[in-house]
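As a plain string of letters, each chain reads:
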Amino acid sequence: MSELNAITVDVVSDVVCPWCFIGQKRLDRAIAAVSDVDVHVRWRPFQLDPTIPPEGKDRREYMLAKFGSDERIREIHARIEPLGEVEGISFAFDAIKVAPNTLDAHRLIRWAGAAGEAIQNRLVRRLFQLNFGEGANIGDHAVLVEAAREAGMDASVVATLLPTEADVEAVRTEIATASRMGISGVPCFLLEEKYAVMGAQDADTLADAIRQVAAAKARGELEKAG
């Protein structure tokens, strides 16, 4: 494909956000629907709650403090679960025992991006599945190292880097940049770093946005706008 038929989509997300998991599935379908556009996906960090300690919190207690009652939590889950089923997601909310701090997961996603787009995409999908499908603690370094291995990364390098401060500030800076851009909720899809699609929009909406931006880029209009 020519360069003019290629666009980049930066997905600002958090791997403990169920809407981001749904958004990932919908983006996959959107990309499949625009086979004439070469879409490159990059995953960017966001933390729904950076105040969670590194060791995480008991998820039930955390959710109760946030939403007030088991009934309210069940209502929230009941609204999300059928939307997930449509996208092939089996949310196992009751299996999640720890509400993790996702900073280390985002560091790992950053390193995966340096290893290649395909590896980063595999890793993000695995982290979503680990958290929401298997109830794994994705703040745990052993879980992250294994996820890295499964995605095709060098697990020994990851195991060496995670206990250090490597890229901690870089990830925090990216999160702060997203906040300054006005991103207060996720997922957010940034097309060619110029156009934002907020929220877990349906696949048709995402596909239409991709087509429009690709066409504008082909006409040279994005450079003019910049």
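About the thresholds
- Starting from 1, residues in each chain are numbered consecutively following that chain's sequence as written.
- Thresholds applied to this predicted model are a pLDDT of at least 70 for local features of residues and 80 or more for the giving and counting of side-chain atom pairs; totals over whole chains, interfaces and linings are not thresholded and use all residues.
- Each side-chain value is derived from all of the structure's non-hydrogen atoms; neither hydrogens nor water enter the calculation.
- The pairing criterion for strands is at least two bridges between them, as found by DSSP.
- Helix and strand definitions here come from DSSP, where helices need a minimum of 4 consecutive H or I residues and strands a minimum of 2 consecutive E residues; each element is numbered from the N-terminal end.
- Axis lines are fitted through C-alpha atoms, for helices just across the contact stretch, and the angle between N-to-C directions can take any value from 0 to 180 degrees.
- Two rings from Phe, Tyr or Trp (for Trp, the six-membered ring) form a pair when their centres sit within 6.5 Å of each other. Planes less than 30 degrees apart are called stacked, planes more than 60 degrees apart edge-to-face, and all others tilted.
- Working definition: with a 1.4 Å probe on protein chains only, accessible area under 20% of the residue-type maximum means buried, over 50% means exposed, and in between means partly exposed.
- Side-chain atoms within 4.5 Å link the members of a nonpolar core, which is a set of buried Ala, Val, Leu, Ile, Met, Phe, Trp, Tyr and Cys residues.
- What makes two residues a contact is simply this: any of their non-hydrogen atoms within 4.5 Å.

Visitor: Would you mind showing me how to read the sheet that holds strand β5 (residues 188-191) here?
Guide: Taken in spatial order, the four strands line up as β2-β1-β5-β6 in an open sheet, and their pairing is mixed. The sheet is open, and its two edges are formed by β2 (38-45) and β6 (195-198), each paired on a single side. Adjacent strand axes in the sheet meet at a mean angle of 25°, parallel and antiparallel pairs treated alike. Pairing of strand β1 (residues 6-13) with β2 involves eight bridges; the strand directions are parallel.

Visitor: Looking at this structure, I do not really get the packing of aromatic side chains. What am I missing?
Guide: Remark: the centre distance and the inter-plane angle together describe each pair of aromatic rings, the angle taken between the planes. Under the counting rule described, the total for this entry stands at seven aromatic pairs. Arranged with centres 6.3 Å apart and planes meeting at 70°, the rings of W43 and F128 form a pair that is edge-to-face. Placement of W43 in strand β2 and of F128 in helix α5 (residues 117-134) is noted, with a sequence separation of 85 residues between them. Exposure remark for W43: the relative accessible area of 6% places this residue in the buried category. With a centroid separation of 6.1 Å and 80° between ring planes, the pair formed by F93 and F132 is classed as edge-to-face. Residue F93 is located in the loop between α3 (70-86) and β4 (98-99), and its partner F132 is located in helix α5; the two are separated by 39 residues in the primary sequence. Each member of the pair, F93 as well as F132, carries the same accessibility label: buried. Cluster of aromatic residues (ring-pair linked, three or more members): F21, W43, F91, F93, F128 and F132.

Visitor: Would you mind going over the nonpolar core with me for this structure?
Guide: As a rule of thumb, nonpolar side chains are buried together in soluble globular proteins. Among the nonpolar cores identified, the biggest contains 64 residues, and L123, L127, M153, L191 and I210 are the most heavily contacted of them. The residues contacting L127, other than those within four sequence positions of it, are V15, A105, I109, I138, L144 and A147. Membership of the second largest hydrophobic core comes to five residues, among which are I52, Y62, M63 and A99.

Visitor: I would appreciate a short explanation of unusual backbone geometry in the present structure.
Guide: In this model, V186 is joined to P187 through a cis peptide bond whose omega is 5°. Here P187 lies in the loop between α8 (168-180) and β5. The residue D167 is not glycine, and still its phi comes out positive at about 65°. Relative to the helices and strands, D167 resides in the loop between α7 (155-161) and α8. A relative accessible area of 31% places D167 in the partly exposed class. Its identity is not glycine, yet E193 carries a phi of approximately 60°, on the positive side. Position of E193 relative to the elements: it lies in the loop between β5 and β6. Residue class for E193 comes out exposed when judged on its relative accessible area of 58%.

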